[in-house]
Amino acid sequence: MIAMKRSLAALFAGLFLVSGLAWAQSTMTDSQVLDYVQQGLAQGKSQKELVAELSLRGVTKAQAERVYKAYQERQGKAEAKSAVLEKGRQHSVNAGTSQDWAADTTQVFYRPEEEEMEVFGRNIFRSRDMTFAPSENMATPRNYKLGPGDEVIIDVFGHNQTTLREVISPEGSINVEVLGPVYLSGKTVEEANAYLKKRLASIYGGLGKSGTDMRLSLGQIRSIQINVMGDVAAPGTYVLSGFATAFHAVYRAGGVREPGSLRNIKVVRGNKTVGSVDVYEYMMKGTQSSDIRLEEGDVILVPAYSEMVQVEGSVKRPMFFELKEGETVADLLDYAGGFALGANTNAVTVFRQQGASHEVRTVADKDFGTFKLQNGDRIEVGEQQFRFQNRTVINGAVYLPGTYELGEVRTAKTLVQKAGGLLPEAFTDRVVVHREHADRTREVFSINLTEIMAGSKPDFVLQNNDELYVASIYDLKDQGTMTISGMVNNPGTFPFAENTTIEDFIILAGGLKDGASTSRVDVTRRKKDASGMVATNDIGEMYSFSLKDGLVADDSREFVLEPYDEVTVHQSPSYNIQRHFVVKGEVNFPGEYSLTNREERVSDLIQKAGGLTPFAYVKGARLVREATEEEITQARELGTLLVKQIDSTAAVNQGRGTLKTGTRHYSISLDMESALSNPGGPQDVILRENDVLDIPVQSNVVRVFGAVMYPTAVTWNAKMTVADYIDAAGGYSQNARKTKKYVVSMGGRAQKVSAASKVEPGAEIFVPDKGKKEKPDYSGIIALSSAATSVATLGVTIMTLVNNVKK
């Protein structure tokens, strides 16, 4: 219950912290919030998860405070302690694992309040990996005092052999056959061993003298009940192993919290302090000599610290430290891990409060061991100001740029030699020198390294921290690029190189593509006049060349490219890739064919496909064409039927082997009889890439749909008229537009018809309807009237104001 209570405290504290967020309207009652929290903790949810979930459910700061206050009123301290103790007894399975529940729940659910300062050593008890729990496999300590609940194992070996296992009774004794009760409680293992040897000698003659001996060891270790009080995270009663120490008890209580002491943890036994524990001794030296083994009824008391100081600045552990009375600056620096790299080790500054005033003490290194610190002192360790004493730097166009020792290197010439010499592209007429003076001011000037290296001018003497920069001629000049585009394998932009010809550049770009024109290659060049004073109309120049066998074929073979030239390799005007179209249906060889000239027509396609089969119905022939982007855009802008036809066929065409998936198509009405009887005539349509020509078989039905009573398909009869087919569909519907009916043939031709018209097999008769009449929108009329009235009123008001102003 203590763990649960502290978990609730931390949880509602989290809700208080995030109360500044925008909350949703809470839909949970106070009792529902409390039940939700308790169930969540029982399920193992973290505090962060519960805070987030309650926030999303709209729990406000005020509600969280109200629920927590109600929970506190229902819980008493005595009840909380009793619950912890009872829970510990229920979970005590053996001495090594007793009260694991209490430790786990304390460590997982409870966290101390956020501290304002980080104190060295306090986190040691909050790690789940360092519990200070005694090992179950450790040898029995010789000074371990036996008590009720301990199991002792007595082994007699030698001429006589026997083993006795007995548990010390609450009265402090074990029962040995023949001897009766033997009192061992309060004795150490060593004392109990000697005592038993004397008592058992009456049973086993010559015990310890003539080949027979005995040994006492511990079996099951008893559990002890101790109390942890003071400034710990979860003070209370705990059941621990009989081997447990003060460190383990403090860990089980959640560790030391503000303002608890780590240097003076007391162990009280029988109303007397039997020892104190200094955590720093363990942390700094690794010794556990001060860690006291606990006994039944012990009280671990964590008082408040007496001295807390802070060290900041250039130390390895800048934080707060707890000191004992009389400890010095040297002790503090030892706890802080010593000086950090670059620290001023000659002195430290101590800021101290003396009553209502403050003072500053400068402590020299010779006084570190004698200057005693007081509670509240703040120690500041400064940093040294580093300055190079023998440094010089060279960068730029040398083989080994970097930092060098100013010793053997004293001049600019020797520095260049030390850096491996100058690169061929080094610009030595003006080498820039950056100099830092003693007062940290900087100066920039230049030297002529060309004359220095030639010996015609005295060498330049370097000073500490001088930095030389040798520029490259490429740094001073824009090298430029070259661009090639068009029919080459790797078009793009390349760095400019001197004496590059068109042939070289084409090779650099991977050579010509199939279809590249060798009769014309263009080069465009920038118009440059660095000394020009006025703008000119000319902005560039263009040169055209022809190629033969990969070389420039005309008189300009010596033409070389300049920076930022752009080369364009055109496609040959006579180059064409294969273009395909499809014929399907009633032809002898349906399938895909290629165009052989730009004016190939429908009749040519029929001829390539081996002609029509006897079953072909030429009047129903239909040509499906892929729409270009321009046609689609134009159709949509004009709102014509074409765009609807294209959109509706896009989905239908999915999956057809003869049409590209996802493309848009539309139908072209054909007069196939005229096209075949007069090849090349106006009815013989010129084909386009991806066209699909469909020659169907004759259909013997006529479809009737639209504004008819029963849209249906009727068997074709040469004697039947449009009126007959409409009658077969049940006649006109009430809203039919009888004079606007039309017929669409199998080939896609549409024409308006009368009731007495005849139709071809496979045709479709469509009767449009009159459409719905829009009912008057009375609400709109009223709104419009109100708006007009408001405008009129506004106008009258304005006119009145104007008239008043005129008056």
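Just so it is clear, the structure is predicted and the values come from calculations on it, not from any experiment.

A. Local environment of the overall build of the chain. Each helix and strand in the chain was counted, giving 19 helices and 37 strands. Counting the 807 residues in the chain, one finds 38% classified as buried. Considering only intrachain contacts with a sequence separation of at least 6, the fraction spanning at least 24 residues in the chain is 61%. Accessible surface, the chain as shown: approximately 45600 Å² in total, 51% of it carbon and sulfur.

B. The sheet that holds strand β19 (residues 442-447), seen in detail. Strand order in this open sheet of 5 strands is β17-β16-β20-β18-β19, and the pairing throughout is mixed. A strand with exactly one partner marks an edge of an open sheet, and here the two such strands are β17 (402-405) and β19. Within this sheet the neighbouring strands show an average axis-to-axis angle of 20°, counted without direction. As paired strands, strand β18 (residues 431-436) and β19 are joined by 6 bridges and run antiparallel to one another. Among the inter-strand pairings, E436 is bridged to a residue of β19, identified as R442.

C. Looking closely at the side chain of E307. Structurally, the position occupied by E307 is in strand β11 (residues 307-313). For the buried residue E307, which engages in no salt bridge, the nearest side chain bearing the opposite charge is R352, 8.1 Å off.

D. A look at the side chain of S733. The residue S733 is located in the loop between α18 (722-728) and β35 (742-744) in this model. Given a relative accessible area of 15%, S733 falls into the buried group. Only 3.0 Å separates the side chain of S733 from the side chain of N735, close enough to count as a polar contact. Once residues lying within four places of it in the same chain are set aside, the contact partners of S733 are A707, V708 and M709.

E. Just helix α2 (residues 30-42), in detail. When the terminal C-alpha atoms of α2 are compared, their 19 Å separation across 13 residues agrees well with the 18 Å that a helix rising 1.5 Å per residue should span. Looking at α2, one finds that the buried residues are V33, L34, Y36, V37, G40 and L41. Buried residues of α2, seen end-on, are gathered within an arc of 160° and therefore sit on one face of the element.

F. Structural detail: the pattern of salt bridges. One pass over the structure, following the stated rule, counts 25 salt bridges. Linking R435 and D466 is a salt bridge whose minimum nitrogen-to-oxygen distance equals 2.7 Å. Of this pair, R435 sits in strand β18 while D466 sits in strand β20 (residues 466-470), and the two are 31 residues apart along the sequence. For the residue pair R435 and D466, the accessibility class agrees, reading buried in each case.

G. Quick peek at unusual backbone geometry. In this model, E258 is joined to P259 through a cis peptide bond whose omega is 5°. With respect to the helices and strands, the residue P259 is situated in the loop between α8 (246-252) and β8 (265-269). Backbone geometry at R440 places phi at a positive 75°, although glycine is not the residue there. Note that R440 resides in the loop between β18 and β19. Within the chain, N499 stands out as a residue other than glycine whose phi angle is a positive 65°.

H. Expanded view of helix α7 (residues 189-200). Over its 12 residues, α7 runs 16 Å from end to end, which matches the ideal 16 Å to within 8%, given 1.5 Å per residue. If you check which residues of α7 are buried, you get V189, A192, N193, L196 and L200. All buried residues of α7 lie within an arc of 105° about the axis, which places them on one face of the element. Buried residues along α7 sit against β1 (151-158), β3 (173-176), β4 (180-183) and β5 (212-218).

I. Representation of the pairing of strand β7 (residues 236-241). Of all the 6 residues making up β7, 6 are buried; the element is thus mostly covered by neighbouring parts of the structure. Note: strand β6 (residues 223-230) against β7, 6 bridges, orientation antiparallel. By the bridge assignment for β7, V228 is matched with G236. Adjacent in sequence and paired antiparallel, β6 and β7 are bridged by 5 residues.

J. Structural context of the sheet that holds strand β12 (residues 320-323). Pairing is mixed in the open sheet, where 5 strands are placed in the order β12-β11-β15-β13-β14. Here the strands that pair on one side only, and so sit at the sheet edges, are β12 and β14 (357-364). Each strand axis lies, on average, 25° off the axis of its neighbour in the sheet, ignoring direction. Examined bridge by bridge, β11 and β12 share 4 bridges and lie antiparallel to one another. By the bridge assignment for β12, E307 is matched with L323.

K. Layout of the confidence of the model for the chain. Scored by pLDDT, the chain comes out at a mean of 78, with 77% of its residues at no less than 70. Here residues 76-116 is a poorly scored stretch, pLDDT under 50, and it has 75 contacts once near neighbours within four places are set aside; other chains count. Per-residue pLDDT stays below 50 along residues 776-807; that stretch engages in 0 contacts with residues further than four places along the chain or on separate chains.

L. Here's a closer look at the pairing of strand β33 (residues 701-706). Where β33 lies against strand β34 (residues 712-715), 4 bridges are found, and the strand directions are antiparallel. Counterpart to V701 in the pairing with β34 is T715. In this antiparallel pair of consecutive strands, β33 and β34, the connection spans 5 residues. The pairing of β33 with strand β37 (residues 764-767) spans 4 bridges and is parallel.

M. Broad picture of the nonpolar core. Membership of the largest hydrophobic core comes to 53 residues, with the highest contact counts inside it found for F125, I226, L294, F321 and L373. The leading source of residues in this core is α8, at 5 residues. Non-local contacts of L294, meaning those with residues more than four positions away in its chain, are made with I224, I226, L240, G242, A244, T245, A246, A249, V267, R269 and I300.

N. Inspection of the packing of aromatic side chains at higher detail. Inspection of every chain in the model, using the stated rule, returns 11 aromatic pairs. Arranged with centres 5.1 Å apart and planes meeting at 40°, the rings of F120 and F321 form a pair that is tilted. With F120 in the loop between α6 (100-109) and β1 and F321 in strand β12, this pair connects stretches of sequence that are 201 residues apart. Residue classification places F321 among the buried residues on the basis of a relative accessible area of 0%. Look at Y543 and F559: their rings are 5.1 Å apart centre to centre, the planes differ by 50°, and that puts the pair in the tilted class. Here Y543, found in strand β24 (residues 540-545), pairs with F559, found in the loop between β26 (551-552) and β27 (566-571); they are 16 residues apart in sequence, far enough to count as distant. Site record: aromatic cluster; members linked through ring pairs are F120, Y280, F321 and Y335. Here R378 stacks its cationic end above the ring of F351, 4.2 Å away from the centre of that ring.

O. Just the environment of F589, in detail. Secondary-structure assignment places F589 in the loop between β28 (580-585) and β29 (591-594). F589 gets classed as exposed once you look at its relative accessible area, which sits at 55%. Residues F589 and I606, 17 residues apart in the sequence, show an inter-C-alpha distance of 9.2 Å. Discounting residues that sit within four places of it in the chain, F589 has contacts with V583, A609 and G610.

Quick notes on the rules
- Residue positions are counted from 1 within each chain, in the order its sequence is given.
- Where local features are concerned, this predicted model is filtered to residues with pLDDT of at least 70; where side-chain atom pairs are given and counted, the filter is 80 or more; whole-chain, interface and lining totals use all residues.
- Side-chain measures here rest on the full set of heavy atoms in the structure, leaving out hydrogens and waters.
- Counting from the N terminus, the helices are the DSSP runs of H or I reaching at least four residues and the strands are the DSSP runs of E reaching at least two.
- Buried, partly exposed and exposed residues are distinguished by accessible area as a fraction of the type maximum, computed with a 1.4 Å probe on protein chains only: under 20%, between the cut-offs, and over 50%, respectively.
- Two residues form a contact once any of their heavy atoms are found within 4.5 Å.
- Only the protein chains shown count as cover for residues, with accessible areas throughout obtained via the Shrake-Rupley method and a probe of 1.4 Å.
- Two strands form a pair only when DSSP identifies at least two bridges running between them.
- Lines fitted to the C-alpha atoms define the axes, with helices restricted to the stretch that makes contact. Angles between their N-to-C directions range from 0 to 180 degrees.
- None of His or the chain ends enter the tally, which takes Lys and Arg as positive and Asp and Glu as negative.
- Every case where a carboxyl oxygen of Asp or Glu lies within 4 Å of a side-chain nitrogen of Lys or Arg is listed as a salt bridge.
- Polar contact is defined as a pair of N or O atoms within 3.5 Å, subject to the rule that within protein one atom must be able to donate a hydrogen and the other to accept it, and that residues adjacent in sequence are counted only when both atoms are side-chain atoms.
- Take the number of residues in a helix, subtract one, and multiply by 1.5 Å to get its expected span.
- Taken from the helix axis, the directions to the C-beta atoms give the arc we talk about.
- What pLDDT expresses is the predictor's confidence in each residue, scored from 0 to 100.
- Each nonpolar core is a collection of buried residues, namely Ala, Val, Leu, Ile, Met, Phe, Trp, Tyr and Cys, held together in the definition by side-chain atoms within 4.5 Å.
- Classification of ring pairs rests on two measures: the distance between centres of Phe, Tyr or Trp rings, Trp counted by its six-membered ring, which must be within 6.5 Å, and the angle between planes, read as stacked under 30 degrees, edge-to-face over 60 and tilted in between.
- Placement of a positive charge over a ring is assigned whenever Lys NZ or Arg CZ falls within 6 Å of the ring centre and within 35 degrees of the normal to the ring plane.

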